[in-house]
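# Observations on chain architecture
In case you want the letters, here they are:
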Amino acid sequence: PALLQMSGSQPQLGRAVPCLRCRGTCTGFEPHSWRKICKSCKCSQEEHSLSSELEDDRKIGRLLADSKYSTLTARLKGGDGVRIYKRNRMIVTNPNISGKDPTFDTITYEWAPPGLAQKLAMQYMELIPKELQPVAGTDGALHRRRRLTRQLPLYDQDPAQCRGLAEGEHRLMEEFVKKYKAEALGVGEVALPGQAGSGGGKDEGKAQDKNIESSKPPESTNGALESAPAAGHYRCETCKQAVPGDCPVVYAERAGYSRQWHPACFVCCRCSEPLVDLIYFWKGGAAWCGRHYCESLRPRCAGCDEIIFSEDYQQAEGLAWHKKHFACLECETPLTGKPFVLANTSLLCTICSQSKRL
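This is a predicted model, so every value here is computed, not measured.

Counting across every chain of the model gives 13 aromatic pairs. Arranged with centres 6.1 Å apart and planes meeting at 75 degrees, the rings of tryptophan 111 and tyrosine 124 form a pair that is edge-to-face. Taken together, the residues tryptophan 111 in the loop between strand S6 (103-109) and helix H2 (118-126) and tyrosine 124 in helix H2 connect sequence positions 13 residues apart. A relative accessible area of 6% places tryptophan 111 in the buried class. With a centroid separation of 6.4 Å and an interplanar angle of 90 degrees, the aromatic rings of tyrosine 180 and tyrosine 293 are classed as edge-to-face. Here tyrosine 293 lies in helix H6 (residues 290-297) and tyrosine 180 lies in helix H4 (residues 169-183), a separation of 113 residues in the sequence. Looking at tyrosine 180, the relative accessible area reads 2%, which means it is buried. Here lysine 36 stacks its cationic end above the ring of tyrosine 155, 4.7 Å away from the centre of that ring. Between the NZ or CZ atom of lysine 283 and the centre of the ring of tryptophan 288, over which it lies, the distance is 5.6 Å.

What follows is the structure, encoded as structure tokens:
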């Protein structure tokens, strides 16, 4: 499939991008469309190759900036001052001695837990399903990029990317983002059982700990700080199975270091998707992906996919819309006060609904 042509780091908004699912048979996604779906095939934004790796790293850098995890970001020399994600890539080189002359097989992981010795990082990778391992050029790497688009949409953190905000709502969104960065945002830490929070094999552990505020204790089910389990008694928070002492696990600082997860079990409590790059939001004693955490606090528009900050919005069958986005998916006719048909999440006027049945 064709990729979006880039000019610097900005997409050329006038050019449609073929859908990955439709294999180029549709007319393509229009990046300027407020709906954020393909105009013809109605596939979601994540089905289209819309961003470069640099844009992805800038997005996560923006998310982690001004938070206790800002040490995972850095400023680009000669850049515009925006912080960029210091994404940890891992290159593994193995000798291949099957032929007459020895060669080397190189595997590049597009992301790996930062600060780990390669042996422990490889153990971590082996504990997640092979089809999800972010090896460059594989479906696992593509799946990571799609999760990044789905779980951490840029318009959930940057008011400038939103089409649905009315006058006066930019400040509300800025406060919303500032609040979730301070109270919920986290990045999982990979370590051997019992070794998290004090380095645990991480080169960056101590540097990060200096930036972690200690004014608020981790959320606990009994209202008190929890102590780490005794050796040999570690269990995964999700599957409740025992955790071997020599296998890496994931810790979430906001959950307290008495809880740990198998790498494959560190998932969003709502959608059960693996949390991309271990970025989580902690609420109600569970880890959430960014998308579903934001939706747990404010309604999301089924038309433009953005969070709704107005108290005056349209609702139907458990879904919500900005009033200006309550329109037919096919002909864009406004439907407020008019009859409509809702098929799954597709909002249609009665005329378009009848024509689709024919």
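In space, the three strands of this open sheet follow the order S7-S10-S11, with antiparallel pairing throughout. Only two strands of the sheet have a single partner each, and these edge strands are strand S7 (185-187) and strand S11 (286-288). If you compare each strand with its neighbour and ignore which way they point, the axes differ by 45 degrees on average. Across three bridges, the pairing between S7 and strand S10 (residues 279-283) is antiparallel. Of the residues in S10, the one forming a bridge with leucine 185 is phenylalanine 281.

If you look at the biggest cluster of nonpolar residues, it comprises 60 residues, and the most contacted ones within it are Phe266 and Phe281. Examining the composition of this core, we find that five residues originate from one element, H2, more than from any other. The residues touching phenylalanine 281, leaving out its near neighbours within four places in the chain, are Leu63, Leu152, Tyr180, Ala184, Leu185, Ala286, Ala287, Trp288, Cys289, Gly290 and Tyr293. Core analysis: the next-biggest nonpolar cluster, separate from the first, contains 16 residues, Ala320, Phe326, Leu329 and Leu342 among them.

Along the chain, the position of lysine 356 falls in helix H7 (residues 350-357). Discounting residues that sit within four places of it in the chain, lysine 356 has contacts with Glu330 and Leu348.

Attention now moves to the environment of asparagine 94. With respect to the helices and strands, asparagine 94 occurs in strand S5 (residues 90-96). In this structure the C-alpha to C-alpha distance between asparagine 94 and phenylalanine 104, which are 10 residues apart in sequence, comes to 5.5 Å. For asparagine 94, the contacting residues outside a window of four places in its chain are Thr103, Phe104 and Asp105.

Looking now at unusual backbone geometry. One non-glycine residue, lysine 240, adopts positive backbone phi at about 65 degrees. Looking at the element boundaries, lysine 240 is found in the loop between helix H5 (205-209) and strand S9 (249-251). For aspartate 305, which is not a glycine, the phi torsion comes out positive at approximately 75 degrees. Residue position: aspartate 305 is located in the loop between H6 and strand S12 (314-316).

Where strand S14 (residues 340-343) and strand S15 (residues 346-349) come together, four bridges link them in antiparallel fashion. For valine 341, the partnering residue across the bridge sits in S15 and is leucine 348. Counted between consecutive antiparallel strands, the loop separating S14 from S15 contains two residues, among which asparagine 344 sits at a positive phi close to 60 degrees.

On to the packing of helix H1 (residues 53-64) against helix H3 (residues 139-151). The geometry of H1 relative to H3 is characterised by a closest axis approach of 12 Å and an angle of 45 degrees between their N-to-C directions. The orientation of H1 with respect to H3, classified from their angle, is oblique. Remark: the crossing between H1 and H3 carries left-handed chirality. Each of Glu53, Asp56, Lys59 and Ile60 in H1 lies in contact with H3, whose residues at this interface are Arg145, Leu148 and Thr149. A class-by-class count of the residues in the contact of H1 with H3 yields two nonpolar, one polar and four charged.

Across its 12 residues, H1 extends 16 Å between first and last C-alpha, which sits within 8% of the 16 Å expected from 1.5 Å per residue. Aspartate 66 lies just past H1 and shows a positive phi near 60 degrees.

As a further point, take the state of the cysteines. In a disulfide, the sulfur atoms of two cysteines are covalently bonded to one another. Tallied over the full model, the rule gives zero disulfides. Summary of cysteine pairing: cysteine 271 is not part of a disulfide, and the nearest cysteine sulfur, belonging to cysteine 268, is at 3.7 Å. For cysteine 271, a relative accessible area of 28% puts it in the partly exposed group.

Once that is clear, we can look at the confidence of the model for the chain. Here the chain averages 82 in pLDDT, and 78% of its residues register 70 or above. Ignoring residues within four places in sequence, the model shows residues 1-15, a span with pLDDT below 50, making 25 contacts including any to other chains. Taken together, the stretch residues 199-227 has pLDDT below 50 and engages in 49 contacts with residues farther than four places along the chain or on a different chain.

Analysis parameters
- Starting afresh in each chain, residues are numbered from 1 along the sequence in its written order.
- Reporting of local features is limited, given that this is a predicted model, to residues whose pLDDT is at least 70; pairs of side-chain atoms are given and counted only at 80 or more, and all residues count toward the totals for whole chains, interfaces and linings.
- As a rule here, side-chain values come from all non-hydrogen atoms in the structure, and water together with hydrogens is ignored.
- Note on aromatic pairs: the rings of Phe, Tyr and Trp (six-membered ring only in Trp) are paired at centre separations within 6.5 Å, and the planes decide the class, stacked below 30 degrees, edge-to-face beyond 60, tilted for the rest.
- Helix and strand labels come from DSSP, where a helix needs a run of H or I of at least four residues and a strand needs a run of E of at least two; each type is numbered from the N terminus.
- For every residue, the accessible area obtained with a 1.4 Å probe (protein chains only) is divided by the maximum for its type, and the residue is called buried under 20%, exposed over 50%, and partly exposed between those limits.
- The rule is short: NZ of Lys or CZ of Arg within 6 Å of the ring centre and within 35 degrees of the ring normal puts a charge over the ring.
- Pairing between two strands requires that DSSP report at least two bridges joining them.
- Axes, fitted as lines to C-alpha atoms, cover a helix only where it is in contact. Angles between the N-to-C directions of the axes lie from 0 to 180 degrees.
- What we call a nonpolar core is a set of buried Ala, Val, Leu, Ile, Met, Phe, Trp, Tyr and Cys residues that are connected through their side-chain atoms within 4.5 Å.
- Two residues qualify as a contact provided that any one of their heavy atoms is within 4.5 Å of a heavy atom in the partner residue.
- In what follows, roughly perpendicular refers to angles from 65 to 115 degrees, roughly parallel to angles under 35, roughly antiparallel to angles over 145, and oblique to any angle outside these ranges.
- By definition, turning the near helix anticlockwise from the far helix through less than a right angle yields a left-handed crossing, and turning it clockwise yields a right-handed one.
- Charged residues are taken to be Asp, Glu, Lys and Arg, nonpolar residues to be Ala, Val, Leu, Ile, Met, Phe, Trp, Tyr, Cys and Pro, and polar residues to be all remaining types, Gly included.
- Expected helix span is given by 1.5 Å per residue-to-residue step, counting one fewer step than there are residues.
- Only a pair of cysteine sulfur atoms within 2.5 Å counts as a disulfide in this structure description.
- Values of pLDDT, the confidence the predictor places in each residue, fall between 0 and 100.

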